[in-house]
Amino acid sequence: MSDTVKKFNNHFKGKSFISIDQLTSPAEIRKIFKEARRMEKIVLKRKPSKLLSGYCVAELFYQPSTRTFTSFLAAAEWLGALTIPIHGMSSYSSVVKGETIEDTVRSVHQTTAADLIVMRHPDNDSTEIAVKYSYVPIISGGAGTKEHPTQAILDLYTIEKTLGRTKNLKVVFLGDLKYGRTIKSLGKLLVLVDKKLQLFLVSPKILKMPRELVHEWQEKGVKIVETDDLQKVLPEADVLYVTRIQKEWFEKEGKLDQYEKVKHAFDINLKTLKKARKKMIIMHPLPRVGEIAYEVDNDPRAVYLPQMRAGLYTRMALMKLILLGDK
Ligand code: NCD
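### Examining the site of the ligand
The environment of the ligand is made up of T68, R120, H148, Q151, R181, T182, R244, Q246, P285, L286 and P287. Within the contact set of the ligand, an oxygen atom lies 2.9 Å away from a side-chain nitrogen or oxygen of R120. Taking H148, its side chain carries an N or O atom lying 2.8 Å from an oxygen atom of the ligand. By residue class, the composition of the shell around the ligand is 3 nonpolar, 5 polar and 3 charged.

The structure is reproduced here in structure tokens:
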């Protein structure tokens, strides 16, 4: 983490949020969840808030997105902020002419008077550059293959809501652990909150979790099992977190032949889930491209559809904390 990116130390106001490494204690997560529960009431009662009236939130997305883009936009709208949502940055903005992140984030603040910028970008260091040059806080909506911190927050919120706890968990991360960014951020967050965490990392051999993260977590006392045999670890799981095999990165590296070999390596259906516990949950950040059969959607353990709604509440909470602080 560069020194331009600040740890929260229980204070969110005016700070960017681009990495789970900025969180320092479970108390900070409790604070976010408390706000999120408040936000949930605003939405469920259909009573839009004016908390962020007079504020302006811009979204700069350089990569495709459905959930993250719409939930950040809706989050700002439910709180009464002005919104400047910009999709297709890589195709339709001055980025096509070669404009840099350094200039783009400053330009968007100048042209819109935005108080906050939400950004998604394919490069790992994109959000750090944005934070360094931006006049206003940046929230990451996903950076490269490295981090997706707000997804981790909504994932943990979903775990707490459905399992009733965030501790003493046995979690299977399944699929593309090399290129996927959600499981890296969620892994970091689980390590922070759960001292008894056990992680089962299940992937094809060519898509294993980066060594640095595995070693870091092991040093912190996390029990980690790496395997390509899902059935061996599934019966123990409290959480099965499925991910998409990320074709676009194979394409970028000219390795589409390898993608073809692993693309259906861990497809899940009701038969695959036979040995899973009755009281466990199945999560997915989505989009899915066949790795969870539609027949699983009606299984009571499948939480990946309501999981998306948690993104609205937790992103409302984060925007409120960053723009207004605790008040
Ligand atoms: C993920 C992402 O963009 O990292 N989607 C999301 O934000 N919910 C996962 C993916 O693209 O596979």
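This is not the end of the story, as more comes after the structure.
### Here we look at the nonpolar core
General note: in soluble globular proteins, nonpolar side chains tend to be found buried as a group. Judged by nonpolar contacts, the single largest core of 68 residues is most densely connected at L23, F173 and M319. Setting aside residues up to four positions removed in sequence, F173 forms contacts with I183, L186, G187, L190, L199, F200, L201, V202, M209 and Y241. Listed in part, the 20 residues of the second largest apolar core include V242, I282, I292 and A302.

### Observations concerning empty space enclosed by the protein
As enumerated under the stated definition, the model contains 1 cavity of 30 Å³ or more in all. By volume, the largest cavity amounts to about 50 Å³. If you trace the largest cavity, you find it lined by L174, G175, V242, T243, I245, K263, F266, D267 and E291. Of the residues contributing to the lining of the largest cavity, the split by class is 4 nonpolar, 2 polar and 3 charged.

### Looking at the sheet that holds strand β2 (residues 82–86)
If you walk across this open sheet you meet the 4 strands as β2-β1-β3-β4, and the pairing is parallel. The open sheet has two edge strands, β2 and β4 (138–143), and neither has a second partner. Averaged over all adjacent pairs, the angle separating strand axes in this sheet is 10 degrees, with direction ignored. Summarising the sheet, strand β1 (residues 56–61) and strand β3 (residues 116–121) pair through 5 bridges and their orientation is parallel. Across the sheet, the residue bridging to F61 is R120, located in β3.

### With respect to the packing of helix α6 (residues 149–163) against helix α12 (residues 306–324)
As a packed pair, α6 and α12 sit with axes 8 Å apart at the nearest point and diverge in direction by 115 degrees. Considering only the axes of α6 and α12, their crossing is right-handed. Between α6 and α12, the contacting residues are T150, Q151, I153, L154, D155, Y157 and T158 on the first element and Q307, A310, G311, Y313, T314, R315 and L318 on the second. Of the residues assigned to the contact of α6 with α12, the class counts are 6 nonpolar, 6 polar and 2 charged.

Conventions adopted
- Numbers given for residues are sequential positions, taken from 1 along each chain in its written order.
- Thresholds applied to this predicted model are a pLDDT of at least 70 for local features of residues and 80 or more for the giving and counting of side-chain atom pairs; totals over whole chains, interfaces and linings are not thresholded and use all residues.
- Where side-chain values are given, they derive from all heavy atoms of the structure, hydrogens and water being excluded.
- Residue proximity to a molecule or strand is established when one non-hydrogen atom of the residue lies within 4 Å of it.
- N or O atoms closer than or at 3.5 Å make up a polar contact, with two conditions inside protein: a donor-capable atom paired with an acceptor-capable one, and, for residues adjacent in sequence, both atoms drawn from side chains.
- Residue type decides the class: Asp, Glu, Lys and Arg count as charged, Ala, Val, Leu, Ile, Met, Phe, Trp, Tyr, Cys and Pro as nonpolar, and the leftover types, Gly among them, as polar.
- Throughout, nonpolar core names a set of buried Ala, Val, Leu, Ile, Met, Phe, Trp, Tyr and Cys residues whose side chains join them through atoms within 4.5 Å.
- Classification of residues uses two cut-offs on accessible area relative to the type maximum, computed with a 1.4 Å probe and protein chains only: under 20% is buried, over 50% is exposed, and between them is partly exposed.
- The contact criterion used throughout is that any non-hydrogen atoms of two residues lie within 4.5 Å.
- Cavities and pockets were defined on a 1 Å grid built from protein atoms only: a cavity is a group of points that admits a 1.4 Å probe but offers it no way out, a pocket is an open group of points flanked by protein on both sides within 12 Å along at least five of seven lines, and a lining residue is one with an atom within 4 Å of any such point.
- Grid points are joined across faces, edges and corners, and a volume is the space filled by probe spheres set on the points.
- When DSSP finds two or more bridges between a pair of strands, those strands are recorded as paired.
- Strands here are runs of E lasting at least two residues and helices are runs of H or I lasting at least four, both read from the DSSP assignment and numbered beginning at the N terminus.
- An axis is simply a line fitted to the C-alpha atoms; with a helix, the fit covers only the stretch in contact. Between two such axes, the angle follows the N-to-C directions and lies from 0 to 180 degrees.
- If you view the pair so one helix is near and one far, a crossing is left-handed when the near helix is turned anticlockwise from the far one by less than a right angle, and right-handed when it is turned clockwise.

Geometric descriptors of this kind do not, in isolation, establish any biological role.
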